Structure formats: structure tokens, C-alpha cells
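# What the coordinates show
Residue strings, one per chain:
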Amino acid sequence: MWTVLALFFFCVGRSQGLNVDVAQSQTSISRRKFVESSAIFGAVTLSPRCATAAPSSIANRFDSDVLKLPPITAGTKFTGHENLVFPEFMEGEWDAVQTLVSTKAPLGLKFIGGPQASLDVAQKTMDEQAKRVNEQVNLKLRFVKTNFGVVEDRAFNLRSRLDSFAGKSVVASVNYADVKESNRASVLASGGKEDDPLTTTLVYFKGPAAQKTFVISHGQDPLDNDDWSGYELDRSIFALTNNSIAPPVTTDTEVIYSFSKVGSDRVEGQLRLAGYLNPQSDSLYFEAQNRAVSLTDYTLTLKRSDNN
């Protein structure tokens, strides 16, 4: 379902994607695309305070096809402003190029076949991804400095990702939602600002669909000179907003980043989207045993925008 609606439809992607045909108001949901589009580049806002929740070495998670679901930490922090924090060199607006280099189903095709484990859906998903290998997608990304550190401008980046991967404007609106771990009142009370990004987003598409995404875990390796790795685990709930009786689809996607500063105006990196099954949506959830069922790898090149 990361096909999330017609684009990522990544996002963050995971064997999820989404395709929405605005003209016909028809929506097709594909797990792999859904995650890819949404998650695709906005999932990380890592915070040193949460480093203990991270795997022993996040950078090593690029090297193995056997990944286990990171521990869920949402609800264990009560500051109300638990946004993930990026390295200082990520502050600003960037012209990004994201290139798909590999897509895998490490547990087998049936695990990426959607809620009913359809082999036909799985094969079509893999075939579609294979056509996109070496395809470059251009998008704008923005990271802003707050009193808590440099964080992702989620609303800006999410719209940019979804529209860029769809190849057209598909997002009607993106708003932040207050939750216990990240809400406006707590941000202000802790010394933050009215326009600081929150961690939960609500997207309404131009087609009859909406998506709400929560951060449920995040962590990072210590900054090593100009090299940094981090991850974020996102839970997305995708639902049709027309009279359809189709139930919402829930997806869990781990977004793993590795960034290297190669100059004052350039950052190179890797992005891996690891998709996991969810007990609310997937019939093979217990068989997967919290292992990643899809792995999608990208290279990233970021050049500082002239708007800075």
C-alpha cells in the first residue's frame, strides 16, 4: 500500500505506493508504492536523546537483507516536542536527486502482495519497480533550525515528495496533527515556536483519499566527522474519503538514512526503505515475524538551493 494512493503512490518505499486518478476519482492501492512515496525522504528527524532506541549501528542496516522491526518508542517520551534532529549541516533548502538502485522482497513475493498476499499483485509491484531502477526523481527538500535542533520541514517535504514521485500535483493539503509525543502547546511551553514542525502529518489528496502518518520510533548513530546515519519508523493510515466501504490500510515503514557532507553546498547519501507487515492489515503478519518484507534502496544527492 505504499503505493499509497497514487504515488508513492513512499514514500518511506516499502512495498507501498499509491495511485490516484483524479479525473476518474478512482484509487488503486499498492503496498510497495504507498510507502515509497510518503516515506521517501522525509522520514528522518533524528534526535540524540533517542539514540538508545536505535539499532546498534544504523549504518550497518544498509548491508543486510535481514532486518528486524526497530523497537517502538512512541508513548515513552512525554516532552510533547519529540521531533527528530538532523546534523547542523542539513539546515536549509536543497535541490535533491533521488535514484532507485535496488528493490527486493527478502521473504518472498507473497509477503508484498497486499493484505491478502496476492502473488499477482506482488509480481506487478516488483515489475513496476524494476522499470524504475536508475530513474532519477528531482525534488525540493527543506530542513529548518529550531530551539531543539535542525528538523525536517515535514509539511513542505511531504508535499514535494508526493507530487514529485507522482509527476504531477496530487496533494490538496498537508497539515500537522497534535499528538501526545508532539503537539503545539508543548512545543510552545518548552521554548519552541508557533511554526516549528510537528511529527504527525495529515495529507488530503486531490482524489478521494487521505493519509495520516505518525513517527513511532527513531534513532541515530553518533555524528562521525561529516558522516551521519539515522532511522525513523513511520506508521501510515491510508483511507478513502468517498463512500467506499473499503477499510483503512495501515503500513509500517522504516526509513534509513546515511548522509555525508562533501562540501558547504553538497551532501551525498543513501536511503533505504524497509517495509514491515502490520497486524491490522496483513494476513501474513505473524509469519513475517517482524522481519522486513521489502527493501528499496536509493542514492541521494543534495545541492543547496539558490533560495538559501
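In this report, we go over the structure that sits alongside the text. (Residues numbered from 1 in each chain as written. Predicted model: local features only at pLDDT ≥ 70, side-chain atom pairs only at ≥ 80, totals over all residues. Heavy atoms only, no water.)

### Concerning helix α2 (residues 119-131)
Taking 1.5 Å per residue, 13 residues should reach 18 Å; α2 reaches 18 Å between its end C-alpha atoms and fits that length. Those residues of α2 that sit buried are A122, T125, M126 and Q129. Considered in projection along α2, the buried side chains sweep an arc of 95° and stay on one side of the axis. In α2, the exposed positions that point more than 90 degrees away from the buried face belong to K124 and K131. The N-capping residue of α2, defined by a side-chain oxygen 3.4 Å from the backbone nitrogen of D120, is S118. (Helix = DSSP H or I, 4+ residues; strand = E, 2+ residues; numbered from the N terminus. Expected span 1.5 Å × (residues − 1). Buried < 20%, exposed > 50% of the residue type's maximum accessible area, 1.4 Å probe, protein only. Arc of directions from axis to C-beta. Polar contact = N/O pair within 3.5 Å; in protein donor to acceptor, adjacent residues only side chain to side chain.)

### Topic: the pattern of salt bridges
In total, this model carries 16 salt bridges according to the counting rule given. The partner of D65 in a salt bridge is K104, with the nearest N and O atoms 3.2 Å apart. On the criterion of sequence distance, the pair formed by D65 in the loop between α1 (31-39) and β3 (92-104) and K104 in strand β3 is long-range, its members being 39 residues apart. Of the residues examined, K104 reaches a relative accessible area of 31% and is grouped as partly exposed. Salt bridges sharing common partners tie together D65, K104, R272 and D297. (Salt bridge = Lys/Arg side-chain N within 4 Å of Asp/Glu carboxyl O.)

### Observations concerning the layout of surface pockets
Considered as a void within the structure, the largest pocket measures approximately 260 Å³ in volume. For the largest pocket, the lining is made up of 13 residues, of which F238, A246, P247, P248 and V249 are closest to its centre. Those elements that provide at least two residues to the lining of the largest pocket are β9 (227-240) and β10 (249-263). Sort the elements by how many residues they give to the lining of the largest pocket and β9 lands first, with 4 residues. (1 Å grid on protein atoms, 1.4 Å probe; cavity = no way out; pocket = protein on both sides within 12 Å on 5 of 7 lines; lining within 4 Å. Points joined across faces, edges and corners; volume = space filled by probe spheres on them.)

Everything listed here is a matter of coordinates, which is why it stays silent on function.
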